[in-house]
Amino acid sequence: MQILLLSMPDSFEHTPTIAIRMPNGALASLAGNVDPQHQVAIADLVLVQSSVHATVVRLIEQLQPRLVGLSVMTFQRSTARRIISLIRAMKPDVLVAVGGYDPSLAPEAWMDPTLGVDFIVRGEGDLTFRDLVRALDGNNPLSAIPGLWFRSADGFHRNPPRSVASLDGGEIRPPARAGRVLSGYTMMGRPIDVIETSRGCTFDCSFCSIIEMRGRNFHRFTIDRVIADITDARARGARSIFLVDDNITIDVPRFESLCQAIIEHGLHDIQYLVQGMTAAFATHGDTLAPLMRKAGFRYVFLGIENVLADDLVFLKATAKNSRRKMGGAQNTTQAAVDVLRRHGILIVGGLIVGNPDDTPAAIETNLAFARKYVDWPYIQHPTPYPGTPMTNDFRERGLIVNTRVEEYDGTSAVTRSAHLDAEEIEFMRWKAERWMKVRHIPAAMRLHPGFVVRNARRMMAHTFRGTTWRSLVGLESARDTFRRYREIRARERQYLDWPDPLASAPPLTGPTGITNMPLNWVANPGTKN
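Residues numbered from 1 in each chain as written. Predicted model: local features only at pLDDT ≥ 70, side-chain atom pairs only at ≥ 80, totals over all residues. Heavy atoms only, no water.

K.L.:
Whenever I open this one, the overall build of the chain confuses me. Can you help?
P.N.:
Helix and strand counts for the chain stand at 18 helices and 19 strands. Radius of gyration (C-alpha) of the chain: 22 Å, near the 24 Å computed for a compact globule of 529 residues. Across its three principal axes, the chain shows a C-alpha extent of roughly 60 × 55 × 50 Å. The proportion of buried residues among the 529 residues of the chain is 62%. Across the chain, the fraction of contacts at a sequence separation of at least 24, relative to all contacts at a separation of at least 6, is 78%. Accessible surface computed for the chain: about 19,600 Å², of which carbon and sulfur atoms make up 53%. Positive and negative charge centroids in the chain, built from 62 and 55 side chains respectively, lie 5 Å apart. (Helix = DSSP H or I, 4+ residues; strand = E, 2+ residues; numbered from the N terminus. Rg over C-alpha atoms; globule rule 2.2 N^0.38 Å. Buried < 20%, exposed > 50% of the residue type's maximum accessible area, 1.4 Å probe, protein only. Contact = heavy atoms within 4.5 Å. Areas by Shrake-Rupley, 256 points an atom, 1.4 Å probe, with all protein chains shown as cover. Lys, Arg positive; Asp, Glu negative; His and termini not counted. Charge placed at Lys NZ, Arg CZ, Asp CG, Glu CD.)

K.L.:
What should I look at first to understand the sheet that holds strand S19 (residues 376–380) in this one?
P.N.:
On the basis of which strands lie adjacent, the open sheet formed by six strands has the order S10-S13-S14-S15-S18-S19 and parallel pairing. Two strands close off the open sheet at either side, each with one partner strand: strand S10 (192–195) and S19. Recorded for the sheet is a direction-independent mean angle of 20° between the axes of neighbouring strands. Bridging between strand S18 (residues 346–352) and S19 involves five bridges; their strand directions are parallel. Within S19, the position partnered with Gly350 by the bridge is Tyr378. Strands in contact with helix H8 (residues 252–264) are strand S13 (240–243), strand S14 (271–276) and strand S15 (297–305); relative to S15, the strand with the most contacts, it is inclined by about 165°. In this fold helix H12 (residues 360–373) packs onto S15, S18 and S19, with an angle of close to 175° to the strand it touches most, S18. (Pairing = 2+ DSSP bridges. Axes fitted to C-alpha atoms, helices over the stretch in contact; angles between N-to-C directions.)

K.L.:
How should I be thinking about helix H2 (residues 52–63) in this particular structure?
P.N.:
Along an α-helix, residues three or four apart share an orientation, since each turn contains 3.6 residues. For H2, which comprises 12 residues, the first-to-last C-alpha distance of 16 Å matches the rise-based estimate of 16 Å (1.5 Å per residue) to within 8%. Within the span of H2, buried status applies to Val52, Thr55, Val56, Val57, Leu59 and Ile60. Those residues of H2 that are buried lie in contact with strand S1 (2–7), strand S3 (39–44), strand S4 (67–71) and helix H3 (77–90). Following H2 by one or two positions, Gln64 adopts a phi angle in the positive range, close to 50°. (Expected span 1.5 Å × (residues − 1).)

K.L.:
What am I meant to see in the sheet that holds strand S8 (residues 155–158) here?
P.N.:
The strands making up a sheet associate through backbone hydrogen bonding, with each pair oriented either parallel or antiparallel. Strand order in the open sheet made by the seven strands is S3-S1-S4-S5-S6-S7-S8, with mixed pairing throughout. For this open sheet the edge positions go to S3 and S8, each flanked by a neighbour on one side alone. Neighbour-to-neighbour, the strand axes of this sheet turn through a mean angle of 20°, independent of strand direction. Relative to S8, strand S7 (residues 148–152) runs antiparallel, the two being bridged by four bridges.

K.L.:
Looking at this model, I keep getting lost on the pairing of S4. Mind explaining?
P.N.:
Every other side chain in a regular strand lies on the same face of the sheet, so the side chains alternate between the two faces. The buried count for S4 comes to five of five residues, which makes it a mostly enclosed element. Relative to S4, S1 runs parallel, the two being bridged by five bridges. Each bridged residue has a counterpart across the sheet, and for Leu6 the counterpart in S4 is Leu70.

K.L.:
Honestly, the nonpolar core in this entry has me stumped. Any pointers?
P.N.:
A general feature of soluble globular proteins is that nonpolar side chains tend to end up buried together. Counting residues in hydrophobic clusters, the biggest one holds 67 residues, and the most contacted among them are Leu6, Leu70, Ile83 and Trp110. In contact with Ile83, other than residues within four places in its own chain, are Leu6, Met8, Pro9, Leu45, Val52, Val56, Leu70 and Leu496. Counting 57 residues, the second largest nonpolar core, distinct from the first, contains Val252, Leu258, Leu420 and Ile425. (Core = buried A, V, L, I, M, F, W, Y, C linked by side-chain atoms within 4.5 Å.)

K.L.:
Explain the packing of aromatic side chains to me, please; I cannot follow it from the model alone.
P.N.:
Aromatic ring pairs are defined here through the distance separating the ring centres and the angle between the ring planes. Under the definition given, this model contains 12 aromatic pairs. With centroids separated by 4.8 Å and ring planes inclined at 45°, the aromatic side chains of Phe12 and Phe75 adopt a geometry described as tilted. In this pair, Phe12 sits in the loop between S1 and strand S2 (20–21) while Phe75 sits in the loop between S4 and H3, placing the two residues 63 residues apart along the sequence. For the pair Phe12 and Phe75, a shared accessibility class is recorded, and that class is buried. Seen in terms of ring centroids, Phe427 and Phe482 are 5.4 Å apart; in terms of plane orientation they differ by 70°. Their pairing is edge-to-face. Pair noted here: Phe427 is in helix H14 (residues 422–439) and Phe482 is in helix H18 (residues 478–492), with a separation of 55 residues, a long-range link. Its relative accessible area of 6% is what places Phe427 among the buried residues. Counting every residue linked through ring pairs, the aromatic cluster contains Phe427, Trp430, Phe482 and Tyr485. Directly above the aromatic system of Tyr185 lies the positively charged group of Arg180, at a separation of 5.3 Å from the ring centroid. Seen from the ring of Trp469, Arg470 lies directly overhead, with NZ or CZ sitting 5.8 Å from the centre. (Phe/Tyr/Trp six-rings, centres within 6.5 Å; stacked < 30°, edge-to-face > 60°. Lys NZ or Arg CZ within 6 Å of the ring centre and 35° of its normal.)

K.L.:
Even after reading the chapter, I still don't get the pattern of salt bridges, so can you show me in this structure?
P.N.:
Note that side chains of opposite charge can pair when their charged atoms are close. By the definition in use, this model includes 39 salt bridges. One salt bridge in this structure joins Glu433 and Arg429, with 2.5 Å as the shortest N-O distance. Taken together, the residues Glu433 and Arg429, both in helix H14 and four residues apart, mark about one turn of the helix. Across the pair, Arg429 and Glu433 agree in class, each one buried. (Salt bridge = Lys/Arg side-chain N within 4 Å of Asp/Glu carboxyl O.)

K.L.:
Honestly, helix H9 (residues 278–295) in this entry has me stumped. Any pointers?
P.N.:
Its 18 residues give H9 an end-to-end C-alpha distance of only 20 Å, which falls more than 12% under 26 Å, the value for a rise of 1.5 Å per residue. The largest bend along H9 reaches roughly 100° and is located at Gly285. Listed in full, the buried residues belonging to H9 are Thr278, Ala279, Ala280, Phe281, Ala282, Gly285, Leu288, Ala289, Leu291, Met292 and Ala295. Count one or two residues on from H9 and you reach Gly296, which has phi positive near 110°. (Bend = angle between axes of the 7 residues up to and from the residue.)

K.L.:
Explain the packing of helix H7 (residues 223–235) against H8 to me, please; I cannot follow it from the model alone.
P.N.:
When two helices pack together, you describe them by how their axes are tilted relative to each other and by the distance separating the axes. As a packed pair, H7 and H8 sit with axes 10 Å apart at the nearest point and diverge in direction by 45°. Comparing their axes, H8 and H7 come out oblique. The crossing of H7 and H8 is right-handed. Contacts between H7 and H8 involve Ile223, Val226, Ile227 and Ile230 from the former and Arg254, Leu258, Ala261 and Ile262 from the latter. Looking at the contact of H7 with H8 residue by residue, the class counts come to seven nonpolar, no polar and one charged. (Parallel < 35°, antiparallel > 145°, perpendicular 65-115°, else oblique. Left-handed = near helix turned anticlockwise from the far one by under 90°. Nonpolar A, V, L, I, M, F, W, Y, C, P; charged D, E, K, R; others polar.)

Below is the structure:
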């Protein structure tokens, strides 16, 4: 069977495609777990943002797939609908499956017959998608596949959920990177790939979709499997690797063992990026950070979330950002920052501002911390994504002001606080964050000198979109520039000239909540929102 897997072109503001274009790890994992007699092509459309329509047309004409699968995040929903409609216009008999966080946690949004979706893969997709392909290939009953919803004569049939995979028994096979049919993955000019060493998290942060997707659990691939995966990525050209684990720092001794294995296998000439929690680095950083540095880790996405105690309580993120000391819990953000910086590791600072009780002073406190201690800001606003637990509070307090899901990208403020409207929250972040990014240029120059020299002008133009000579000389206010930036951002969301089969996007359905942590600019199976 010929199968085409697509990830959407929509990208995050903090990961501009000028500098960062990462593969969707979920699709390579799906391809690796399909039986070998099938031909699977993978197309990450973020690589072709300016030619999405032409690329999809070319792939459908060349491959003539029987089955097309799309990995979709909530803010990519409109784009995915348009792509499905385009594909169906070209090949009416094609079968369409959708998966990822949005179809998993808001499946009702994909059930309208107008959309042309045949299958919804919910939760981890590796084995569910494999079993779907087997059923289509051998006429096995679809009703026997856990984790699958499928269209039948009387509507969608809803199979029971599939249990999460334990990972250490070898049932989940390695990703099949050879199926990628587009090129151009990069991190500041270095070819990049993604690796997962574990899945899951045992914390219950209220802004995170992971718990709704898979429950509170943590499963590990063997170190040998991870090393083989890194070796494969390196053999295919990767010189940067992002470890996309939900929370690798849950098991620090294992992380240390992985760093040692990377060194022993001579894989420390790669630049690694990873995400983790402040408590782990504050507690174990004196031994962990130098080992990470020796293994090639250059960036850590640090889940700071917020520097104010009350906001951490609301986000249910106190536990992973504190350690017990005599007299109570002590915030670990400063200690984590200090130990990582001491060992030359750059910090991508993940913060969330615009929480229900945030005042201008509360937001400015977080922005001031980011200015001083963060190398690259990844500051987001609470966003009502499906499946996150905190939505009820926003809804009950009437704080959700925007239901246009194409704007649910984390940096478009779609909720207000009790003290600030959404536009003011976004303006405060936008105004401060641009200059934080400029201050990262010297560090970026040291790590990626050739790329920065060649692309500095384009990078600055992207960061300061909306700026004109009039605003530069003070004839226009920052608010005028901000309004132009938002207009540009809205135009950027239109990736193909094809009608959305739903005239107006439906409101979010099912349980909805707040944006989880960021880095799912790339993904494990079931990409984070």
